[in-house]
Amino acid sequence: MSLFASSAMRPGPSKASTSNDMTSRAIPAGSVPPIAAKTADPFAQAALNISVALGRQLARLATSSFLVAGDIASYLIAYFVLLSVLPMGSEGTMVERTFTIAAFAAMILYASAGLYPGYRLHDHEHLRRRTIAAVKVAVLTAFGAIVLPEGERLLLAVIGFLALGLIVQPLAHWLARGLCRRLGIWGERAVVIGARNLTPALVAHFEDHWQYGIRPEPFSPDTLEALPDGGPSIAVIAGDTGSLGPDLAAMRRKFVEVILLSDTPSLKVSGLRPADVGGEIGIRLTTGGSWVNSDLVRRILDLAIAIPATIVVAPFIAFAAAAVYAIDPGPVFFRHTREGRSGKPVHVLKLRTMYQDAEQRLEALFRDNPSMRAEWLSHFKLKDDPRILPVIGPMLRSSSIDELPQLANIIAGEMAFVGPRPFPEYHLSAMDGEFRAKRRSVTPGLTGLWQISERSNADIELQQQLDEFYIDNRSLWFDLHILLSTIPAVLKGKGAC
């Protein structure tokens, strides 16, 4: 007898889900134009979004490379200026190596502070972030100087080196930015949305101050819904932003970033001060789409964990499979088709925790007990489920051992360790189409935000809210937090049965 049940077999209620409750508020007339709903093919739309995102990232990478080259040139100039006072011989070699390490450390801090390419930052914010990075490097050097002979001289040399670099860098960056602008790779296309008497002034402002990386394009309030896909990637909103409702949500789907503009040096547009938002030109709202490099890092980490984990857990899976067969002879695994990234089907692999006639048992239960149907429609799960195998079923589900075969899905690239859980169609059909489209933008995961919070006790609305929060805020650090927090959540077994 085959160990795999038919894909038509209905799996147990999914252990988790997420949902999002979109609030809508009235929007004043003339502030932000409505965006018509689009019915484009989701697969073509996904391909176009990937192409646009890739082109955007390549342009940013090229621009950042020129800025890094400018920083390297600045530190070389600082070195040659100090060369006349540096000691020669072995001590001089030590100083040169220290300079190299200090410059490298400073540029890593620059990158972590968002200075490559550093779009949408005021000039004084560039200076602040660079100075803080240089001070951090100098402090680390001071600790190193304590344990080194002649450490005081080394510390003074490094401080002088970093200070000269800070003095030269503005000129080097001005040249690098100018070159990028000539090459047509500096900045990103943006539409400016505001009152009719304010929009021209803002367009002129960003054209004059091109260093912000905003390339404004002509726009009239009645053309936003007609903007083609692959057009401007940023929307800059000026004026009254206190009552943005569904239109703001639609704009976040249309644009990679939506910026609620703060006051500028020459225009008071919102009463929001740049100092309140970290020296940026406004509050930045980004979409949940992941960057190409983040996806690559996630994939590498998934494989690095999944392959050895599969070897380790294989004996546990084999033992659990034998127990399932002993209680209810038949297939011990089943594959069930779920919706994956970009709508592609994912054949999720699980250990069977239910009787083979689970479907018939569920229908009989609903006929005899209508209240159980209401519980099912709210959670797609039953607390006292007659379909679950005795002893071994609850044990596998509460410990999530039944999910371990999905390591094969992760190795195959159909799933990731962290992401929204892949749900069956009957579960997804209870969610709105807009949210389902958002779910398709990321790879489904073995564990997710709901596992470390509500587990499977969450209802449909809370499931959506948790999933949407994760998609909007996903990052490698968020994924790591969820992955580490899954272990105690599983050990507690709360809400998993």
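Residues numbered from 1 in each chain as written. Predicted model: local features only at pLDDT ≥ 70, side-chain atom pairs only at ≥ 80, totals over all residues. Heavy atoms only, no water.

Caption draft 1: Region of the structure containing the overall build of the chain. Regarding its fold elements, the chain presents 15 helices and ten strands. Taken across its 497 residues, the chain has 46% of its residues classed as buried. Intrachain contacts of the chain at a sequence separation of at least 6 include 77% that bridge at least 24 residues. If you sum the accessible surface of the chain, you get close to 24,400 Å²; carbon and sulfur atoms cover 65% of it. (Helix = DSSP H or I, 4+ residues; strand = E, 2+ residues; numbered from the N terminus. Buried < 20%, exposed > 50% of the residue type's maximum accessible area, 1.4 Å probe, protein only. Contact = heavy atoms within 4.5 Å. Areas by Shrake-Rupley, 256 points an atom, 1.4 Å probe, with all protein chains shown as cover.)

Caption draft 2: Inspection of helix 15 (residues 476-492) at higher detail. Taking 1.5 Å per residue as the helical rise, helix 15 with its 17 residues ought to reach 24 Å, and the 25 Å between its terminal C-alpha atoms agrees with that figure. Where helix 15 bends most, at T486, the angle is about 30°, and the proline P488 comes one to four residues later. Of all the positions in helix 15, only F478, D479, I482, S485, T486, A489 and V490 are classed as buried. (Expected span 1.5 Å × (residues − 1). Bend = angle between axes of the 7 residues up to and from the residue.)

Caption draft 3: Layout of the packing of aromatic side chains. Applying the stated criterion across every chain, the model contains nine aromatic pairs. A centroid spacing of 6.2 Å and a plane angle of 75° characterise the contact between F206 and Y212, whose relative ring orientation is edge-to-face. Y212 shares its class with F206; the two are buried. Through successive ring pairs, a cluster of aromatic residues spans Y75, Y79, F80, F99 and F161. (Phe/Tyr/Trp six-rings, centres within 6.5 Å; stacked < 30°, edge-to-face > 60°.)

Caption draft 4: Inspection of the environment of A145 at higher detail. Among the structural elements, A145 can be located in helix 3 (residues 123-147). A145 sits ten residues away from L155 along the chain, and the two C-alpha atoms are 6.1 Å apart.

Caption draft 5: Spotlight on the pattern of salt bridges. A full pass over the atoms with the stated rule returns 17 salt bridges. With a closest N to O distance of 2.7 Å, R129 and E125 form a salt bridge. Of this pair, R129 and E125 are both found in helix 3, four residues apart, which corresponds to roughly one turn of the helix. Accessibility classification places R129 together with E125 in one group, the buried group. (Salt bridge = Lys/Arg side-chain N within 4 Å of Asp/Glu carboxyl O.)

Caption draft 6: Representation of the packing of helix 14 (residues 460-473) against helix 15 in the model. Running from N to C, helix 14 and helix 15 cross one another at 140°; their axes reach a closest spacing of 9 Å. It follows that helix 14 is oblique to helix 15 by the angle criterion. Seen from helix 14, the contacting residues are F469, Y470 and N473; seen from helix 15, they are F478, D479 and I482. Broken down by class, the residue content of the contact of helix 14 with helix 15 amounts to four nonpolar, one polar and one charged. (Axes fitted to C-alpha atoms, helices over the stretch in contact; angles between N-to-C directions. Parallel < 35°, antiparallel > 145°, perpendicular 65-115°, else oblique. Nonpolar A, V, L, I, M, F, W, Y, C, P; charged D, E, K, R; others polar.)

Caption draft 7: Spotlight on unusual backbone geometry. The residue after Y116, namely P117, is reached through a cis peptide bond having omega 5°. Residue position: P117 is located in the loop between helix 2 (90-112) and helix 3. Residue S342 is not a glycine yet carries a positive backbone phi of 60°. The backbone of V391 sits at a positive phi, close to 65°, despite the residue not being glycine. Position of V391 among the secondary structure elements: in the loop between helix 9 (370-379) and helix 10 (392-399). By relative accessible area, which is 64% here, V391 ends up exposed.

Caption draft 8: Broad picture of the layout of surface pockets. Empty space within the second largest pocket amounts to approximately 690 Å³. In terms of lining residues, the second largest pocket is bounded by 24 residues, among which L404, L446, T486, I487 and V490 are the most central. Those elements giving two or more residues to the lining of the second largest pocket turn out to be helix 7 (292-327), strand 10 (445-447) and helix 15. In terms of residues, the lining of the second largest pocket owes the most to one element, helix 15, which gives six residues. In the lining of the second largest pocket, the residues fall into 15 nonpolar, five polar and four charged. (1 Å grid on protein atoms, 1.4 Å probe; cavity = no way out; pocket = protein on both sides within 12 Å on 5 of 7 lines; lining within 4 Å. Points joined across faces, edges and corners; volume = space filled by probe spheres on them.)

Caption draft 9: Structural view of the confidence of the model for the chain. With 76% of its residues at a pLDDT of 70 or more, the chain has an overall mean of 78. When the criterion is pLDDT under 50, residues 288-292 qualifies, and its contacts beyond four places in sequence or with other chains add up to ten contacts. (pLDDT = per-residue confidence, 0-100.)

Caption draft 10: Summary view of the environment of E96. Positionally, E96 belongs in helix 2. Taking C-alpha positions, E96 is 9.6 Å from V158, a pair spaced 62 residues apart along the chain.

Caption draft 11: Main features of the environment of G184. Within the element layout of this structure, G184 appears in the loop between helix 4 (151-183) and strand 2 (188-193). Taking relative accessible area as the criterion, G184 reaches 49% and is therefore assigned partly exposed. G184 sits 125 residues away from A59 along the chain, and the two C-alpha atoms are 9.3 Å apart.

Caption draft 12: Molecular detail of helix 8 (residues 358-368). When helix 8 is considered as a whole, its buried residues turn out to be A358, L362, L365 and F366. One side of helix 8 carries all its buried residues, which in axial view fall inside an arc of 95°. Exposed and facing more than 90 degrees away from the buried side of helix 8 are R367 and D368. (Arc of directions from axis to C-beta.)

Caption draft 13: Molecular detail of the pairing of strand 5 (residues 257-261). Within strand 5, five of the five residues are buried, which leaves it mostly tucked inside the rest of the structure. Side chains E257, I259 and L261 project from strand 5 onto one buried face, and the interleaved V258 and L260 project onto a second face that is buried too. Bridge count between strand 4 (residues 234-237) and strand 5: four bridges; the pairing is parallel. Bridge pairing in strand 5 places I237 opposite L260. (Pairing = 2+ DSSP bridges.)

Caption draft 14: Inspection of a nonpolar patch on the surface at higher detail. Nonpolar side chains collect at one region of the surface, where V135, V139, L140, F143 and I146 lie side by side and expose about 540 Å² of accessible area between them. Here I146 shows up in helix 3. (Patch = residues over 30% accessible without salt bridge, like charges linked within 9 Å, V, L, I, M, F, W, Y side chains within 5 Å.)

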